[in-house]
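Here's the letter readout for the chains.
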Amino acid sequence: MLFINTRPEDRAHSLNQALIQEGIQVESLPLLELVAEPFTVDLMQLYDQLKASQVIVVVSPTAVEIGMLHLKNSEIDLDQLKHIQWIAVGQATAAALKTFGIDSLVPDVESSEGMLQLPILRERVDLNTVAFWRGHGGRQFMMQHLQQTGVNTLNFILYRRQCPELSLTKFPKLVSQLVSQQPVFVLISSEASWRNWQKLTAQISKELDCIYLVLGERLAQVLCQTQNQVDSMLKYIQLETLAPLEIIHSIQGWQGQS
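Residues numbered from 1 in each chain as written. Predicted model: local features only at pLDDT ≥ 70, side-chain atom pairs only at ≥ 80, totals over all residues. Heavy atoms only, no water.

- In the nomenclature of an unreviewed UniProt entry, the chain is known as Uroporphyrinogen-III synthase of Acinetobacter junii.
- In its Function (unreviewed entry) section, the UniProt entry covering the chain states "Catalyzes cyclization of the linear tetrapyrrole, hydroxymethylbilane, to the macrocyclic uroporphyrinogen III."
- Its UniProt record gives the chain a comment under Pathway (unreviewed entry), which states: "Porphyrin-containing compound metabolism; protoporphyrin-IX biosynthesis; coproporphyrinogen-III from 5-aminolevulinate: step 3/4." (UniProt positions renumbered as here; feature names shortened; annotations may be inferred.)

Comments concerning the pairing of strand 1 (residues 2–5)
- In strand 1, alternate side chains face the same way, and those of Leu2 and Ile4 on one face and Phe3 and Asn5 on the other are all buried.
- As paired strands, strand 1 and strand 2 (residues 25–28) are joined by four bridges and run parallel to one another. Following the sheet pairing, Phe3 is matched in strand 2 by Val26.
- With helix 1 (residues 9–21) bridging strand 1 and its parallel neighbour strand 2, the resulting β-α-β unit is right-handed.
- Where strand 1 lies against strand 9 (residues 184–188), three bridges are found, and the strand directions are parallel. Paired with Phe3 across the two strands is Phe185, which belongs to strand 9. (Buried < 20%, exposed > 50% of the residue type's maximum accessible area, 1.4 Å probe, protein only. Helix = DSSP H or I, 4+ residues; strand = E, 2+ residues; numbered from the N terminus. Pairing = 2+ DSSP bridges. Right-handed = clockwise from strand over helix to strand, strands pointing away.)

Observations regarding the sheet that holds strand 1
- Read from one edge of the open sheet, five strands run 2-1-9-10-11, paired in parallel fashion. Here the strands that pair on one side only, and so sit at the sheet edges, are strand 2 and strand 11 (235–239). Each strand of the sheet is rotated relative to its neighbour by a mean of 25 degrees, with strand direction disregarded.
- Where strand 10 (residues 210–215) meets strand 11, five bridges bridge the pair, whose relative direction is parallel. Along strand 11, the bridge assignment pairs Val214 with Gln238.
- Seen against the sheet, helix 8 (residues 165–180) touches strand 1, strand 2 and strand 9 and runs at an angle of roughly 155 degrees to strand 2.
- Along the sheet, helix 11 (residues 244–257) makes contact with strand 1, strand 9, strand 10 and strand 11, crossing strand 11 at roughly 145 degrees. (Axes fitted to C-alpha atoms, helices over the stretch in contact; angles between N-to-C directions. Contact = heavy atoms within 4.5 Å.)

Structure follows, in structure tokens:
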């Protein structure tokens, strides 16, 4: 058995260790790296509007790091934002905010759908402005949903995503392992990661037989749509979180059924 962990290196370690302890062979192949966007006039204008927000949604530890740096560049003190409720997409992001003395709400399911279930977004009748600290392409579903309910959104694009050069170099060397080993599990935690995986696999002539572990219902739907488009059967397991125990149980459950 082979498990391909496509999370960024700094977020892959604990899962890798847990899998190795279970006797599972692991290969790291990060499909995303985050590159900071410069502090532009457009961003400055968004920061000028930040104090009018009621909620700030922060989608990653990287968004915390870059967002806080630009907050300093904007000469805005955190004390001026005390009236704002912060939402973190997951525990890692919440921990990053905590280093700045900020307590945040964290959804039970670490996804856009999970955040939309939080009472402050579902039930607050006077909600009118929500700021998003995010990267290019991230959380568009969540923003569109709020916009459709009449909520104004402030779109802070703080970084861009790209497939790491090291992974582009490493993938061709992994192909022989992917073909020869059964089963092969591949973790897919975002739509951007899935698109980069498709680009990598499109470059090889061999058809890969993988079981994808995908985070959340919406990402599972993306794979289902891909399956319909290419007219082939993709095997995937929907995850609710990226907790190592859930991933291990999902693998064991799949093996028990096969």
